[in-house]
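Chain and residue survey
For reference, the chains in residue letters:
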Amino acid sequence: MSEHHDETPADARGQGFPQILHDRARVSTEELVRLLLTLSTAGVGVFFIALTGKSDPPLTPRQEVAVLVALVAMAAATLCGMLSWFADGRRNYLWATALQTKKGKEDGPRDQLFVRRDFWLALARRAYQLLMLLFGVGIVASLYYLVCRVLNW
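The text that follows walks through the structure, step by step, so that each part is easy to find. The shown structure was predicted, so the numbers you read here are calculated from the model rather than taken from an experiment.

Scanning the entire structure with this criterion turns up two aromatic pairs. Ring geometry for Phe 86 and Trp 120: centres 5.6 Å apart, planes at 80 degrees, overall edge-to-face. With Phe 86 in helix H2 (residues 61-100) and Trp 120 in helix H3 (residues 108-151), this residue pair connects regions lying 34 residues apart in the sequence. Ring geometry for Phe 119 and Trp 120: centres 5.3 Å apart, planes at 80 degrees, overall edge-to-face. Taken together, the ring pairs in this structure connect Phe 86, Phe 119 and Trp 120 into an aromatic cluster. Just above the ring of Trp 95 sits the side chain of Arg 117; from NZ or CZ to the centre is 5.0 Å.

Following this line, the structure appears as structure tokens:
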């Protein structure tokens, strides 16, 4: 029985059910980033209004701190979401460029593209993790603010 090394198995990267799962994971992540980015941007607007408008009764110092923490966390989450999307775009551009660069005796330019791609991949991952963390902090601070407001703390 002869082996054909040029044939790829059905579960090779880019084919078959594993690729379907990779595609689903990517779509889910994109949707989550889009949702969190939208919600955090809206949160910034709501908290800005809460801090700059008249409140009756006036905000207590505890409530002001809670709103400020939520505002800063949501603003930072928004920036992290934008950075994550930008970094993902740069990563894909550099990856495609590297794959389109012909292999030769000297693969320096191609290897350099892969190194740059890996940098943007790491940055996208960190920004995504920070987006999730900061959004969570913003939600907890918002909940704390609402509890303080209702209980008039």
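Next up on the list: the pattern of salt bridges. Summed over all chains, the structure comprises five salt bridges. Across the salt bridge formed by Arg 34 and Glu 31, the nearest N and O atoms sit 2.8 Å from each other. Separated by three residues within a single helix, Arg 34 and Glu 31 lie in helix H1 (residues 16-52), roughly one turn from each other. Residue Glu 31 is classed as partly exposed on the basis of its relative accessible area of 44%. Arg 117 is the salt-bridge partner of Asp 118, the closest N and O atoms lying 2.9 Å from each other. In this structure Arg 117 comes out as buried when scored by relative accessible area, which is 16%. Each of Arg 26, Glu 30, Asp 88 and Arg 91 takes part in a single network of salt bridges with overlapping partners.

By the secondary structure assignment, Pro 58 is in the loop between H1 and H2. Sequence separation between Pro 58 and Arg 149 is 91 residues, and the spatial gap between their C-alpha atoms is 9.8 Å. Ignoring anything within four residues of it in the chain, the contact list for Pro 58 reads Gln 63 and Arg 149.

With that settled, the discussion passes to the packing of H2 against H3. Running from amino to carboxyl end, H2 crosses H3 at an angle of 160 degrees, the nearest separation of the two axes being 6 Å. In terms of orientation, H2 and H3 fall into the roughly antiparallel class. In the crossing of H2 with H3, the sense of the turn from one axis to the other is left-handed. For the contact of H2 with H3, the residue count by class is 34 nonpolar, six polar and eight charged.

The biggest cluster of nonpolar side chains holds 16 residues, and the ones touching the most others in it are Phe 47, Ala 77, Leu 131, Phe 135 and Tyr 145. The set of elements that each furnish at least two residues to this core consists of H1, H2 and H3. Broken down by element, the residue count for this core peaks at seven residues, all from H2. Discounting chain neighbours no more than four positions away, the residues touching Tyr 145 are Leu 59, Gln 63, Ala 66 and Val 67. In terms of nonpolar packing, the next biggest core, distinct from the first, is built from seven residues, Ala 87, Ala 98, Leu 113 and Trp 120 among them.

Thresholds applied
Residues numbered from 1 in each chain as written. Predicted model: local features only at pLDDT ≥ 70, side-chain atom pairs only at ≥ 80, totals over all residues. Heavy atoms only, no water. Phe/Tyr/Trp six-rings, centres within 6.5 Å; stacked < 30°, edge-to-face > 60°. Helix = DSSP H or I, 4+ residues; strand = E, 2+ residues; numbered from the N terminus. Lys NZ or Arg CZ within 6 Å of the ring centre and 35° of its normal. Salt bridge = Lys/Arg side-chain N within 4 Å of Asp/Glu carboxyl O. Buried < 20%, exposed > 50% of the residue type's maximum accessible area, 1.4 Å probe, protein only. Contact = heavy atoms within 4.5 Å. Axes fitted to C-alpha atoms, helices over the stretch in contact; angles between N-to-C directions. Parallel < 35°, antiparallel > 145°, perpendicular 65-115°, else oblique. Left-handed = near helix turned anticlockwise from the far one by under 90°. Nonpolar A, V, L, I, M, F, W, Y, C, P; charged D, E, K, R; others polar. Core = buried A, V, L, I, M, F, W, Y, C linked by side-chain atoms within 4.5 Å.

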